[in-house]
Structures are given as C-alpha cells and as structure tokens.
Amino acid sequence: MNRYSNRLIELNLSGIGLWLGLLLVVAAAGSLGLGWLLNWIAALLLLVVLGPVVAVLGLIWWAKRKLVEAPCPVCGFGMTGFEGMDCNCLQCGEPLAVRDRQFQRRTPPGTVDVAVVEVSPGGTNQLSSGLGDRGS
Ligand SMILES: [Zn+2]
C-alpha cells in the first residue's frame, strides 16, 4: 500500500516538473521576442483541442436533421434511415426510399399500384381481402 502511494507522488511530481519546464520555456521565449511563435503554437493547440469537439457537435447536428425513424409502409416494422437514402425493409424486404421524413415504397417505373376490386354478378362491388372467398 505504501509503495503505491509513493509511486503516485512520483507521478504527480513528474507532471508538475513538465508544466514547470514548459512555463520556463514559455517565459524564456517571451523574453527573447518570440511571442508570435508562442501565439501561433497556442492557436494550433486550441485548434487541435476544439477541432474534434466542433466536428462531433456538427456530426450530431447533421444526424439529427437527416435521421428518420418511421414505420415500413408495407409491414409497419419500425426502421431508421437517412433522408434521401434507398434501402430495403429489414422485415419484409420491400425496396424503400426515405422521402419527406417517411419511408415510401420504391416501385419500379411503369408499375401501377392499384387496389383489386371484385365485381360480383349481384351488382355490389367490394374490395377483395386477398385470401379466400372466391366462389359466391
Ligand atoms: Zn416492411
């Protein structure tokens, strides 16, 4: 236990020595008329530190604007995508496109999407449910 605390004190002292040395170099350079070099180095360090922070904040802002969470129009499966992106539904495989913050079906050109209407001889038209009920 005592050994480890001695090591911690050594590490702290070496850190202080580094900062003291850096301060000494800065003071010496300033007295020699190299203030412009120090300013340039400080600006570079500020850019190195703040650059990634600004980049991450910009990426978050961009993702919040472009990210779309909406259900698949065919099966209702909740999906996430980027605005303007083409993808397939993970659940049903339907080709989809993200437009106006919603997922829309990407039908091939020339395809007419219609609802099937069954005409019965009795004269009443009704939408077929798709399965069963063919003979009347
Ligand atoms: Zn789907």
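Residues numbered from 1 in each chain as written. Predicted model: local features only at pLDDT ≥ 70, side-chain atom pairs only at ≥ 80, totals over all residues.

In this section: the overall build of the protein. Counting its secondary structure elements, the protein contains two helices and seven strands. Looking at the protein as a whole, 2% of its 136 residues are labelled buried. Look at the contacts in the protein between residues 6 or more apart in sequence, and 16% of them connect residues 24 or more apart. (Helix = DSSP H or I, 4+ residues; strand = E, 2+ residues; numbered from the N terminus. Buried ≥ 20, exposed ≤ 12 C-beta atoms within 10 Å, placed from the backbone. Contact = placed C-beta atoms within 7 Å.)

Notably, aspartate 100 is not glycine yet its phi reads approximately 55°, a positive angle. Relative to the helices and strands, aspartate 100 is located in the loop between strand E4 (95-99) and strand E5 (102-105). With 8 C-beta atoms packed within 10 Å, aspartate 100 lands in the exposed category. Unlike most non-glycine residues, arginine 101 shows phi in positive territory, near 60°. By secondary structure assignment, the location of arginine 101 is in the loop between E4 and E5.

Before going further, it helps to spend a moment on the sheet that holds strand E3 (residues 86-88). Spatial strand order, E3-E4-E5: three strands in an open sheet with antiparallel pairing. Two strands lie at the open edges of the sheet, namely E3 and E5, each paired on one side alone. Recorded for the sheet is a direction-independent mean angle of 40° between the axes of neighbouring strands. Looking at chain direction, E4 and E5 are connected through four bridges and run antiparallel. Note that in E5 the partner of alanine 97 across the bridge is glutamine 104. (Pairing = 2+ DSSP bridges. Axes fitted to C-alpha atoms, helices over the stretch in contact; angles between N-to-C directions.)

Quick look at helix H2 (residues 35-66) now. Over its 32 residues, H2 runs 45 Å from end to end, which matches the ideal 46 Å to within 8%, given 1.5 Å per residue. The buried fraction of H2 is low, at zero of 32 residues. (Expected span 1.5 Å × (residues − 1).)

Turning next to the pairing of strand E2 (residues 78-82). Two faces belong to every sheet, and in a regular strand the side chains alternate between them. Bridge count for strand E1 (residues 67-71) against E2 is five bridges, and the pairing is antiparallel. By the bridge assignment for E2, leucine 67 is matched with phenylalanine 82. Remark: six residues form the turn of the hairpin made by E1 and E2, two consecutive strands paired antiparallel; glycine 76 in that turn has positive phi of roughly 85°.

For cysteine 72, the location among the structural elements is in the loop between E1 and E2. Assessed through the 19 C-beta atoms surrounding it within 10 Å, cysteine 72 is described here as partly exposed. The spacing of cysteine 72 and arginine 105 is 33 residues in sequence and 8.5 Å in space, taken between C-alpha atoms. Once residues lying within four places of it in the same chain are set aside, the contact partners of cysteine 72 are Phe77, Met79, Cys89, Gln91, Cys92, Glu94, Leu96 and Phe103.

Scored by pLDDT, the protein comes out at a mean of 81, with 79% of its residues at no less than 70. Considering only residues more than four positions removed or in separate chains, one finds that residues 129-136, a stretch of pLDDT under 50, has one contact. (pLDDT = per-residue confidence, 0-100.)

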